[in-house]
Amino acid sequence: MSQPGTATTLSPVRIRADIAAMEAYTPTASLEVFAEQLGRPVETIIKLDANENPYGPSPKARQALADLDVAHIYPDPAARKLCAMLSNYVGVGAEHIIAGAGSDELIDLLLRVFIEPGDAILNCPPTFGMYSFDAPQSHARVVNVPRRADFSLDVDGIERAAAEHRPKLVFLCSPNNPDGSLIPPEMLDRLLALPLVVVLDEAYNEFSGVDSMAPRVPDTPNLVVLRTFSKWAGLAGLRVGYGIFPLALTPHLWKIKQPYYLSAAADAAARASLDDLPFLQANVQHIVHERERLERELAVFPFLTPYPSRSNFVLCRVTGMDAAELRDTLAKEAGILIRYYNKPGLSDHVRFSAGTPDQNDALLATLRRIGES
Ligand SMILES: Cc1ncc(COP(=O)(O)O)c(C=O)c1O
């Protein structure tokens with residue numbers, strides 16, 4: 001069987017030329033796939049490559065999945081119960097909230113609702129790859145306004161690009177993936193004054209210690225905030241995200257949204273998570289504590305320079321050693337998976353997701369061995 005992303009000949013069927021020419025996205029693989037590739041038992045793999053939550057779902061979410069008795073019935077397409085609970089959680093009316101199969105679905109939905117062929121979007125790399133990956137599929141032109149060396153936004157550059165390209169959307173991420181920096185509110189205010197929609201991806205907000213911008217959405221017609229259960233709530237495998245949208249936008253999103261993307265299992269687990277906040281928030285605190293420890297302890301290695309992070313991961317510049325080789329050695333020697341960036345500007349960088357204390361101990365011990373060899 002061919003692997004996902006492997007080109008095969010479909011003659012005489014002709015697929016879209018732009019898709020035929022497109023490079024496939026390489027997502028992280030499952031624990032089982034990595035275990036097989038590395039020839040190790042699954043339970044010895046330490047997965048620090050995709051900013052997942054090492055503690056997993058809350059006990060109430062696990063119980064809700066075990067008790068699920070509606071798997072044979074289509075779920076509520078509007079996820080009304082979940083949106084009512086989310087309304088309390090984010091402090092915004094439920095009519096502003098749309099849930100989907102991960103925030104990835106909502107990124108795609110935004111592109112489909114706004115973009116006509118040739119329209120531009122602004123992207124500020126290095127950042128989460130889905131914005132620029134999804135955009136061309138909706139026939140959007142991606143105009144990149146790179147972040148500065150310290151990963152802060154080049155607001156002057158964004159303003160210039162907005163005047164030149166008249167983009168419909170700018171995608172911003174705070175804390176930003178891969179470095180974990182925040183966008184200061186005054187910078188956001190400058191960007192909200194532009195004639196475009198600001199899509200603010202707050203996938204890591206729960207780790208940041210700053211308030212979400214979601215409560216500003218009802219009074220800000222050009223602000224969309226995206227959130228997810230993948231990180232703080234440990235539900236990455238179930239695919240639950242949501243967006244907070246201005247009311248002028250929601251009816252149009254509902255028109256084009258696939259009705260049943262949020263599965264009954266995902267819906268039930270998300271609701272049970274919101275009913276178990278003290279447990280999940282305690283895990284968030286453990287993760288933040290471990291991230292702070294990683295920031296301190298990674299700085300001790302002469303070959304690593306960590307960047308300050310307000311998220312659940314630490315990006316490091318690698319010097320005097322090949323970053324891809326470091327990734328490979330950690331995987332081969334200790335079954336530790338980290339993220340390496342084969343991208344301009346980041347090819348000498350790696351990102352470590354904060355694991356449990358034991359997982360981080362194993363990471364630091366292996367790095368010490370590598371440093372000594
Ligand atoms: C910034 C950012 N947004 C969105 C996502 C994806 O979220 P979801 O799992 O809800 O699709 C990720 C996942 O890594 C991310 O880093």
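Only a predicted model underlies this, so the values are computations on that prediction, with no experimental measurement involved.

Chemist: Talk me through the sheet that holds strand β11 (residues 336–340); I want residue IDs and the actual numbers.
Modeler: Pairing is mixed across the open sheet formed by five strands, whose spatial order is β1-β11-β12-β10-β9. Looking along the sheet, the strands with just one partner apiece sit at the ends: β1 (46–48) and β9 (304–306). Neighbouring strand axes in the sheet, compared pairwise and without regard to direction, differ in orientation by 35° on average. Contacts from helix α12 (residues 323–334) reach β9, β10 (313–318), β11 and β12 (349–353) within the one sheet, and its direction differs from that of β11 by about 165°. Where helix α13 (residues 357–372) meets the sheet, it contacts β1, β9, β11 and β12, and its direction lies at approximately 90° from that of β1.

Chemist: Please give an account of the site of the ligand that cites residues and values.
Modeler: Of all residues adjacent to the ligand, which total 14 residues, the nearest are S103, D201, Y204, T228 and S230. A distance of 2.8 Å is found between an oxygen atom of the ligand and a side-chain nitrogen or oxygen belonging to N177. Residue D201 places a side-chain N or O atom 2.6 Å away from a nitrogen atom belonging to the ligand. Of the residues belonging to the shell around the ligand, the class tally is five nonpolar, five polar and four charged.

Chemist: Describe the sheet that holds strand β3 (residues 120–123), with residues and values.
Modeler: Reading across from one edge, β2-β8-β7-β6-β5-β3-β4 is the order of the seven strands in this open sheet, with mixed pairing throughout. Sheet topology places β2 (97–100) and β4 (141–144) at the edges, where each strand pairs with a single neighbour. On average, adjacent strands in this sheet sit at an angle of 25° to one another, irrespective of strand direction. Relative to strand β7 (residues 223–228), strand β6 (residues 197–201) is paired through four bridges, and the arrangement is parallel.

Chemist: Explain the pattern of salt bridges to me, using residue names and the numbers behind them.
Modeler: One pass over the full model with this rule turns up 24 salt bridges. Where E105 meets K257, a salt bridge forms, and the shortest distance between an N and an O atom there is 3.3 Å. One end of the pair, E105, is in helix α5 (residues 102–114); the other, K257, is in the loop between α9 (250–256) and α10 (264–274), with 152 residues separating them in the sequence. Summarising the burial analysis for this pair, E105 and K257 share the class buried. Between E202 and R227 there is a salt bridge; the shortest N-O distance is 3.6 Å. Remark: R227 occurs in strand β7 and E202 occurs in the loop between β6 and β7; sequence separation between them is 25 residues. According to the relative accessible area criterion, E202 is buried, its value standing at 3%.

Chemist: I'd like a description of the domain arrangement of the protein, backed by residues and values.
Modeler: The domain architecture assigned to the protein consists of domain 1 (17–56 + 278–372) and domain 2 (70–276). Relative to domain 2, the C-alpha centre of domain 1 lies at a distance of 25 Å. The interface of domain 1 with domain 2 comprises 29 residues on the first partner and 28 residues on the second. Note on domain 1 versus domain 2: buried area summed over both sides is about 2,300 Å², and carbon and sulfur give 63% of it. One can count zero salt bridges joining domain 1 with domain 2. There are nine residue pairs in polar contact (both at pLDDT 80 or more) connecting domain 1 and domain 2.

Chemist: Please give an account of α10 that cites residues and values.
Modeler: The element α10 is largely enclosed, with a buried count of ten among its eleven residues. For α10, every residue scored as buried is listed here: A264, A265, A266, D267, A268, A269, A270, A272, S273 and L274. Tucked into the core, α10 has its buried residues touching α3 (59–66), α4 (80–90) and α11 (277–298).

Chemist: So what's going on with a nonpolar patch on the surface? Which residues, and what values?
Modeler: Together, V13, I15, I19 and M22 make up an exposed nonpolar region whose accessible area comes to about 330 Å². Along the chain, I19 falls in helix α1 (residues 17–20). A residue is classified by how much of its surface remains accessible, and I19, at 37% relative accessible area, is partly exposed.

Rules and cut-offs
Residues numbered from 1 in each chain as written. Predicted model: local features only at pLDDT ≥ 70, side-chain atom pairs only at ≥ 80, totals over all residues. Heavy atoms only, no water. Pairing = 2+ DSSP bridges. Helix = DSSP H or I, 4+ residues; strand = E, 2+ residues; numbered from the N terminus. Axes fitted to C-alpha atoms, helices over the stretch in contact; angles between N-to-C directions. Contact = heavy atoms within 4.5 Å. Near = heavy atom within 4 Å. Polar contact = N/O pair within 3.5 Å; in protein donor to acceptor, adjacent residues only side chain to side chain. Nonpolar A, V, L, I, M, F, W, Y, C, P; charged D, E, K, R; others polar. Salt bridge = Lys/Arg side-chain N within 4 Å of Asp/Glu carboxyl O. Buried < 20%, exposed > 50% of the residue type's maximum accessible area, 1.4 Å probe, protein only. Domains from an automatic or database assignment. Buried area = accessible area lost by both parts, 1.4 Å probe. Patch = residues over 30% accessible without salt bridge, like charges linked within 9 Å, V, L, I, M, F, W, Y side chains within 5 Å. Areas by Shrake-Rupley, 256 points an atom, 1.4 Å probe, with all protein chains shown as cover.

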